[in-house]
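In case you want the letters, here they are:
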Amino acid sequence: MSSSFYKKEALMNSYCRAFFNNLIFDEKNEIDVDKTDKNFDYYCYKFLSVLFGNDDIESFNMDLFLESLQKILPPNYYEIVKIRWNSNQKYYLEKHDESMELLRKAFEMAKKDGNIEEWFIQDILIDLRNKENEIAELNNEVHRNNYGQNLLNEQKDRVYYLIVDRNEKELLDWIEKDRQKHDLKNNYRESYYGDLSFLGNLIADNYYQMMMFGSLTHISRIYLVIQKLVYQLSVTSDYWPYIVLLLKLTILTSDYNKVEKIVGSFENILEQMDETEARDIYEWSNYLKPSHQQFKANLIAMRTIGLYLNDSDFTLYWNSLRKKIDSWLNDDSSTIFVQPIIFDCLKGICRRLDDNYMVEFCLKILSSTSRRYYRETLILVGRTIDFKSLSSDDSNRIIDTLIKFLDNTKDSDLVEKIKLIFVQLKNQDLEHNTIMEKYIERNWKKYYESEYLFDKNKNEQSENIIIADRVKAIKKRNKTQGVNGNYSMYATNPYFEIENILIHGNPNVDTSLLVDVYKAAVETIIAPDLLAEDKFSAYRLLIFLMRYDKSLIVEMQNELDIIKKIKDFSSLKNMMISSMDSSMLVLCHLLVLECVGVKNSIEIANILSVLNNSNQQIPACQIIQVFFYNYKNVRIRADLENLFFQNSLMWASSKDRGIRWHNMHLMLKLLEKKKFKKIIGQYFRKTMNSDNAIIKSQIIHRLDDIKLVDRKLGTDIQKNAEQDNNFIIRMIAEGKY
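Just so we're clear, the structure is a prediction, and the values are computed from it rather than from any experiment. (Residues numbered from 1 in each chain as written. Predicted model: local features only at pLDDT ≥ 70, side-chain atom pairs only at ≥ 80, totals over all residues. Heavy atoms only, no water.)

Any details on the overall build of the protein? Residues and values, ideally.
Helix and strand counts for the protein stand at 41 helices and zero strands. Classification of the 737 residues of the protein by burial places 53% in the buried group. Across the protein, every contact between residues at least 6 apart in sequence was considered, and the portion connecting residues at least 24 apart equals 71%. Total accessible area on the protein is roughly 35,000 Å²; 48% of this is exposed by carbon and sulfur atoms. (Helix = DSSP H or I, 4+ residues; strand = E, 2+ residues; numbered from the N terminus. Buried < 20%, exposed > 50% of the residue type's maximum accessible area, 1.4 Å probe, protein only. Contact = heavy atoms within 4.5 Å. Areas by Shrake-Rupley, 256 points an atom, 1.4 Å probe, with all protein chains shown as cover.)

Here's what the structure looks like:
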């Protein structure tokens, strides 16, 4: 087949070109179909309603499509491509065995014909390999001897799809050149493009070739190819229709992690969309076929925009999706690969679901033999169920199921997760509460006497036991960390745990116990071989203790004198995965000195000025918040307050959501200072109109505190939140979350 054939046929796809340019560039090209000449281009265009619409394969006239194809392909190629398309049709109809059988037949025919080009034979093998992998995944199997891959490995040379690969390379080259051009502008200006229809034409020409030779792998990749182009256009132009299209296309790639990255990169995309756009995005997830791929896309779409749908749309889509989830749940041979996406979807929309549904879903798994799902299911129970509003019957059923489950497991990780569920249960009847507590006391006596009783009723004796235990843990780590150059990583942080216990526990903690905590933290700070992360935690706890109980400053004067002598922070040891550096410890050290009356405003300002990334600015926000703890009973100099306020304003404009989240808590504390109220109030109003829901939620959770400082500001924010497009924000504002 000569290159002149490719060139001639590439000029005959005006319908497809118009479709892709309309789709990508929002052009309004009217596609005027010539009803007297329904050629191959026309049927390729009609198939786009299967790929980018709700049409199914049965509505596509395969006979007429093949008839038009027969007119443009040489007979030997046509006979093979016809079989490939019959295989593709069976694939979309989910008759996978028949689809594979036909594809093998196409390969055998191509191999026997001495006039078939090698790239075409290898393209069939690629389809065979990918289909076999997909079917194996559906059947929870791993095929180590993949038929298509084995045959590809036997080929002397890898030959690629001539026109398709060349066109895609041209498209990717344009994207890369545009990216570099944009980078050279230092991202200061948005790009404005002229006529880009040649890019849409490249995609259309490729699609035309894929359809001509029945390449299912390439046809399925069309979403990804367009997504790469639209991503670049979104980054450089910030044009809203591009960004919405980008999210739709990324969902159609079925790559959940990529969808998360897109939402993270364009983090205000969800805040700016209206309910019509949210509905349209979910509708696009229905375009993917066959049903197992569509199910995955539906889950990803619901996880992404489920909180932004209006009530009627959410109910409509959830009822349909729920049937698919229930079918998966009730099928003993259900596909494993979709489980993480189902669970993530439920975590994302759980507040829009009936708690009874979540209970039924989780208890069914925990009562089954699906051991691989137990861990994630217990996490789901602990994080998604609102135990305060749970019925007594459901609470009782959880207790019965978990105790029975515990009788059949010795997995310590699962046991720890069940402990966290038990302590959250609130509405069980007296009989079940007694059964649960006796079980806990009998099997986990130490846990019952400490964490359980403290979390349940803030038992003073339990609080003392926990604090003493955490002090013991700190002292043990102080002795063992760094011995012979060995360091261990721990899942818990006893310094933070003590701080949280003191904040939420009884106010009258025995001074001798606080002294023990103080001494243990000082030990950590002065120990030469401990990690910078441990020292940061110890400094933070020390600052908190001096704010929590001022008398400790006098009580621990000897220890403070030792700390004052520390001058060198250059020989710190860090975990390899950590980014903690000496600047953070210097800041902590200066704040400790401020707590005992040593003025260091200039030095603190110098340190804050060099904190230029999230790994520095986030812990800085945290440590300054601790410094402000109990500030109404502790005098903080005005110049320090002003310094922290100025830095908080800078961090408020950060592109890093983590920095803004932590800084929001600092701003909520600074709002209580009358001199900052006006500027922070303006920032809060702006945040409610434009920032991410995660950031906005921190403001809404503190509405009562805001109203105490500025009633009008609090009222305005509440009214704004009650009209927010995010379901959770509306719930918090209405006091339902």
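Moving on, there is more to tell.
Could you give an account of the packing of aromatic side chains, naming the residues involved and the relevant values?
In the structure shown here, the tally under the stated rule is 46 aromatic pairs. For the pair Trp284 and Tyr287, a centre-to-centre distance of 5.2 Å together with 45° between the ring planes defines the contact as tilted. The residue whose ring lies beneath Arg104 is Tyr147, and the NZ or CZ to ring-centre distance is 5.3 Å. Its end group placed over the ring of Tyr490, Arg477 keeps NZ or CZ at 3.8 Å from the ring centre. (Phe/Tyr/Trp six-rings, centres within 6.5 Å; stacked < 30°, edge-to-face > 60°. Lys NZ or Arg CZ within 6 Å of the ring centre and 35° of its normal.)

How would you sum up the environment of Cys345? Please name residues and give values.
Structurally, the position occupied by Cys345 is in helix H19 (residues 339-349). Classification of Cys345 as buried rests on a relative accessible area of 0%. Residues Cys345 and Met302, spaced 43 residues apart in sequence, show a C-alpha to C-alpha distance of 6.6 Å. For Cys345, the residues in contact, after removing those within four places along its chain, are Leu299, Met302, Arg303 and Leu321.

Before we move on, can you summarise helix H32 (residues 582-595) with the specific residues and values?
Relative to the 20 Å expected for 14 residues at 1.5 Å per residue, H32 spans 20 Å between its end C-alpha atoms, a close match to the ideal helical length. Judged by how many residues are buried, H32 sits mostly within the fold: twelve of 14 residues are covered. Within H32, the full set of buried residues consists of Ser583, Met584, Leu585, Leu587, Cys588, His589, Leu590, Leu591, Val592, Leu593, Glu594 and Cys595. Immediately beyond the C-terminal end of H32, within one or two residues, lies Gly597, with a positive phi of roughly 95°. (Expected span 1.5 Å × (residues − 1).)

Any chance you could break down the pattern of salt bridges for me, citing the residues and the numbers?
Tallied over the entire structure, the rule returns 36 salt bridges. Among the salt bridges present, the one from Arg179 reaches Asp183, with a minimum N-O distance of 2.6 Å. Taken as a pair, Arg179 and Asp183 lie in helix H9 (residues 162-184) at a separation of four residues, close to a single helical turn. Between Arg279 and Asp313 there is a salt bridge whose closest N-O contact spans 2.7 Å. Here Arg279, found in helix H16 (residues 275-285), pairs with Asp313, found in helix H18 (residues 311-330); they are 34 residues apart in sequence, far enough to count as distant. On the accessibility criterion, Arg279 (27% relative accessible area) is partly exposed. A single network of salt bridges, built from pairs that share partners, joins Lys347, Arg375, Glu376, Asp413 and Lys417. (Salt bridge = Lys/Arg side-chain N within 4 Å of Asp/Glu carboxyl O.)

With reference to specific residues and values, describe the side chain of Asn146.
Summarising the element assignment, Asn146 is placed in the loop between helix H7 (118-138) and helix H8 (147-154). You can call Asn146 buried: its relative accessible area is 5%. One polar contact links the side chain of Asn146 to the main-chain carbonyl oxygen of Arg129, over a distance of 3.2 Å. Polar contacts involving the side chain of Asn146 include one to the main-chain amide nitrogen of Gly148, which spans 3.1 Å. Beyond its immediate stretch of four places on either side in the chain, Asn146 contacts Arg129, Glu132 and Asn133. (Polar contact = N/O pair within 3.5 Å; in protein donor to acceptor, adjacent residues only side chain to side chain.)

Now, about the state of the cysteines: what can you tell me, with residues and values included?
What the rule picks out here adds up to zero disulfides. Cys362 takes part in no disulfide bond, and the closest cysteine sulfur, belonging to Cys350, lies 10 Å away. (Disulfide = S-S within 2.5 Å.)

An account of the packing of helix H10 (residues 197-213) against helix H12 (residues 222-237) is requested, with residue identities and associated values reported.
Where H10 meets H12, the axes come as close as 11 Å, and the angle between the chain directions of the two elements is 170°. Looking at the two axes, H10 sits roughly antiparallel to H12. Here Leu199, Ile203, Tyr207 and Met210 of H10 come into contact with H12, specifically with Ile222, Val225, Ile226 and Leu229. Looking at side-chain class alone, the contact of H10 with H12 contains eight nonpolar, no polar and no charged residues. (Axes fitted to C-alpha atoms, helices over the stretch in contact; angles between N-to-C directions. Parallel < 35°, antiparallel > 145°, perpendicular 65-115°, else oblique. Nonpolar A, V, L, I, M, F, W, Y, C, P; charged D, E, K, R; others polar.)

So what's going on with the packing of helix H2 (residues 14-25) against helix H3 (residues 40-51)? Which residues, and what values?
It is the contact of H2 with H3, at a shortest axis distance of 7 Å, that shows an interaxial angle of 30°. Relative to H3, the element H2 is oriented roughly parallel. Of H3, the residues touching H2 (which contributes Ser14, Tyr15, Cys16, Phe19 and Phe20) are Asp41, Tyr42, Cys44, Tyr45 and Leu48. Tallied by class, the residues present in the contact of H2 with H3 amount to eight nonpolar, one polar and one charged.

Any chance you could break down the nonpolar core for me, citing the residues and the numbers?
In this structure, Phe20, Phe47, Phe52, Phe361 and Phe684 are the most contacted members of the largest nonpolar core, which totals 251 residues. In terms of residue count, the dominant contributor to this core is helix H29 (residues 532-548) (eleven residues). Those residues in contact with Phe47 that lie beyond four places of it in its chain are Ile57, Phe60, Trp85, Tyr92, Tyr207, Met211 and Ile219. (Core = buried A, V, L, I, M, F, W, Y, C linked by side-chain atoms within 4.5 Å.)

Tell me about the environment of Leu531, residues and numbers included.
Its location among the elements puts Leu531 in the loop between helix H28 (511-526) and H29. Judged by relative accessible area, Leu531 falls into the buried class, the value being 4%. It is 9.4 Å that separates the C-alpha atoms of Leu531 and Met580, two residues lying 49 residues apart in sequence.

Describe the confidence of the model for the protein, naming the residues involved and giving the relevant values.
Confidence in the prediction for the protein averages 90 pLDDT; 95% of positions are at 70 or higher. Segment residues 1-11: pLDDT under 50, and 19 contacts once partners within four positions in sequence are set aside and those in other chains are kept. (pLDDT = per-residue confidence, 0-100.)

How would you explain the environment of Cys588 if you had to name every residue and give the values?
Along the polypeptide, Cys588 turns up in helix H32. Cys588 has contacts with Phe536, Tyr539, Ile543 and Ile623, leaving out every residue within four places of it along the chain.

Now, about unusual backbone geometry: what can you tell me, with residues and values included?
In this chain, Lys289 is followed by Pro290 through a cis amide linkage whose omega measures 0°. Of note in this structure, Asn630 is not a glycine but carries a positive phi near 60°. With relative accessibility at 28%, the residue Asn630 sits in the partly exposed group.

Give a description of the side chain of Asp549 that names residues and reports values.
Mapped onto the fold, Asp549 is located in the loop between H29 and helix H30 (551-555). A polar side-chain atom of Asp549 sits 2.5 Å from a polar atom in the side chain of Ser551.

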